[in-house]
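Inside the fold
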Amino acid sequence: MFVDKAKIYVKGGDGGDGLVAFRREKYVPEGGPAGGDGGRGGDVIFRVDEGLRTLMDFRYQRHFKADKGIKGRNKSQHGANADHMIVRIPPGTVLIDDDSQEIIADMTRHGQQVVVARGGRGGRGNTRFATANNTAPELAENGEEGQERYIVMELKVMADVGLVGFPSVGKSTLLSVVSAAQPKIGAYHFTTITPNLGVVDVGDGRSFVMADLPGLIEGASEGVGLGHEFLRHVERTRIIIHVVDMSGSEGRDPFEDWVMINDELRQYNAALIDRPQIVAANKMDMPDSEENLAAFRERVAELRPDLEIMPISSLTRQGVQELLYRATDVLDSIPVAPVVEEVAETTERKVYKLEAEEDNSFTITRDNEAFVVTSPRIERMLKRMQLSTHDAILKLARTLRHMGVDAELRKRGAVEGTIVRIADFEFEFVENSSYY
């Protein structure tokens, strides 16, 4: 089954917690703090594997979470960093942040990789907080939470040659004739609903990958029919073979078909018009095809005199080999590098924006009899601190006092015993004290 779009959740590993510990050797007087730092959480990394051709794996597994860092140990030993999570993806995958709709990366080369969710930093152990005034701190930090996000993955088939055209013009038949691919073939529209790939052996030692892409209809650039589900894959092909039913068996005019498909390509992406194109005038074994081809050549010459038109019949294989030779010659004359999305460097794009430690802004609101303090800096601090010790409470109280929260609460009418709520924590306000 071919799957070309998926939405997944990724989360970097949380950092390991720092440790509160002390040296207790018999012959080491005043041993001091010995709590180590926690290890860093693992990153979630996407890496291109050219052996993959579909996003089928992401249909069943949609959550990817890296491992947590190891907690700090005694004797000032650092906890181990977690291993990174490597997720393999097929070439041609575009990664999009679901919230901002920003393109994170366009993955085209084998081995190319990008970090989509960074692991959190490990918390500091009490060894880090020792000072001349506090030589035995009972203070340590929790590990930082790993970054998390939802990502939309879009696969654009990377083929050398893409077959485009209206439904039932013979694209699938042509692919089945020139390669070992076995696409579904039927006498009805939209037989092909997903791209089919085949390796074409030209016969002179050269080969290329051909993609039979789902049929287009008028309005496809606006999502009509298979719409964007088809057009997304055209962008990756190096040349386009435009298959036209020259017999008019569907009651349509071949020239109008050709004009309409090109208009849809232009409306979706103007750059597609400059892509090398060969018209395969198919079904030449049918009645009236010769007369239609002559009229088609005259009308096309008025718009694109340089356009190459090659009569073929996928059924009888008339002209098919000549078409393959010509397609290979065109491929040899253009660069091999695939067309990729223009994505700014990661350092220029602030995908994640963490609040600065120096940001002392806060707001105070009233919730019945309680005061609610909102501050990105304080909330971030509460997540990191282990509030189970007296030293940690004192550190929080000093921070609130220096930021001016104490004074503002008094202005708002806080008295002894008033409840103060910060994030998920509640404290009692205590007058003339250095902590709550």
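Our subject is the structure listed above.
Before going into details, it helps to say that this report is about the structure given with it. (Residues numbered from 1 in each chain as written. Predicted model: local features only at pLDDT ≥ 70, side-chain atom pairs only at ≥ 80, totals over all residues. Heavy atoms only, no water.)

**Describing the packing of helix α7 (residues 376-384) against helix α8 (residues 390-403)**
- Remark: α7 packs on α8, axes separated minimally by 12 Å, with the N-to-C direction vectors making an angle of 175 degrees. Regarding the angle of α7 to α8, the classification is roughly antiparallel. Contacts from R377, I378, M381 and L382 in α7 reach K395, L396, T399, L400 and M403 in α8.
- When grouped by side-chain class, the residues that make up the contact of α7 with α8 number six nonpolar, one polar and two charged. (Axes fitted to C-alpha atoms, helices over the stretch in contact; angles between N-to-C directions. Helix = DSSP H or I, 4+ residues; strand = E, 2+ residues; numbered from the N terminus. Parallel < 35°, antiparallel > 145°, perpendicular 65-115°, else oblique. Contact = heavy atoms within 4.5 Å. Nonpolar A, V, L, I, M, F, W, Y, C, P; charged D, E, K, R; others polar.)

**Here's the deal with the packing of aromatic side chains**
- Following the criterion strictly, the structure yields five aromatic pairs and no others.
- An aromatic cluster is present here, built from F255, W258 and F296 joined pairwise through their rings.
- A cation over an aromatic ring shows up here: K7 above the ring of Y150, its NZ or CZ 5.3 Å from the ring centre. (Phe/Tyr/Trp six-rings, centres within 6.5 Å; stacked < 30°, edge-to-face > 60°. Lys NZ or Arg CZ within 6 Å of the ring centre and 35° of its normal.)

**Notes on the environment of R124**
- Locating R124 in the fold gives a position in the loop between β7 (113-117) and β8 (148-155).
- Looking at R124, the relative accessible area reads 36%, which means it is partly exposed.
- Residues R124 and G36 lie 88 residues apart in sequence; the distance between their C-alpha atoms is 7.0 Å.
- Among all residues touching R124, those that are not within four sequence positions of it are G18, D37, F129, A140 and E141.
- A distance of 2.8 Å separates polar atoms of two side chains, one belonging to R124 and the other to E141. (Buried < 20%, exposed > 50% of the residue type's maximum accessible area, 1.4 Å probe, protein only. Polar contact = N/O pair within 3.5 Å; in protein donor to acceptor, adjacent residues only side chain to side chain.)

**Focus on the sheet that holds strand β18 (residues 425-428)**
- Across the sheet, which stays open at both edges, the four strands sit in the order β15-β16-β17-β18 with mixed pairing between neighbours. Each of the sheet's edge strands pairs with one partner strand only, and the pair in question is β15 (363-367) and β18. Between one strand and the next, the sheet's axes are offset by a mean angle of 30 degrees, whatever the strand orientation.
- Sheet topology places strand β16 (residues 370-374) next to strand β17 (residues 419-422); three bridges connect them, and they run parallel. When the sheet's bridge partners are listed, V373 is paired in β17 with I422. (Pairing = 2+ DSSP bridges.)

**Some points on the sheet that holds strand β1 (residues 5-11)**
- A sheet is described by the order of its strands in space; here five strands give the open sequence β3-β1-β8-β5-β6, paired in mixed fashion. Both edges of this open sheet fall to β3 (63-65) and β6 (103-107), since each of them pairs with a single strand only. Along the sheet, successive strands turn relative to each other by an average axial angle of 25 degrees, direction set aside.
- Where strand β5 (residues 93-97) meets β8, five bridges bridge the pair, whose relative direction is antiparallel.

**Some words on the packing of helix α4 (residues 254-268) against helix α5 (residues 289-303)**
- Running from amino to carboxyl end, α4 crosses α5 at an angle of 30 degrees, the nearest separation of the two axes being 9 Å. For the pair α4 and α5, the sense of crossing is right-handed. The segment α4 lies against α5, with P254, F255, E256 and W258 engaging F296, R299, V300 and L303.
- Split by residue class, the contact of α4 with α5 holds six nonpolar, no polar and two charged. (Left-handed = near helix turned anticlockwise from the far one by under 90°.)

**Quick word on helix α6 (residues 320-332)**
- In a regular helix each residue adds 1.5 Å, so 13 residues correspond to 18 Å; α6 covers 19 Å between its end C-alpha atoms and thus fits that length.
- When α6 is considered as a whole, its buried residues turn out to be V320, L323, L324, A327, T328, V330 and L331. Taken end-on, α6 shows its buried residues confined to a sector of 160 degrees, consistent with a single buried face. (Expected span 1.5 Å × (residues − 1). Arc of directions from axis to C-beta.)

**Observations concerning the environment of A21**
- You can see A21 is positioned in the loop between β1 and β2 (44-48).
- The class of A21 is buried, set by a relative accessible area of 11%.
- Taking C-alpha positions, A21 is 8.0 Å from E138, a pair spaced 117 residues apart along the chain.
- Contacts of A21, omitting those with residues within four sequence positions, involve G32, P33, A34, G35, N74 and N126.

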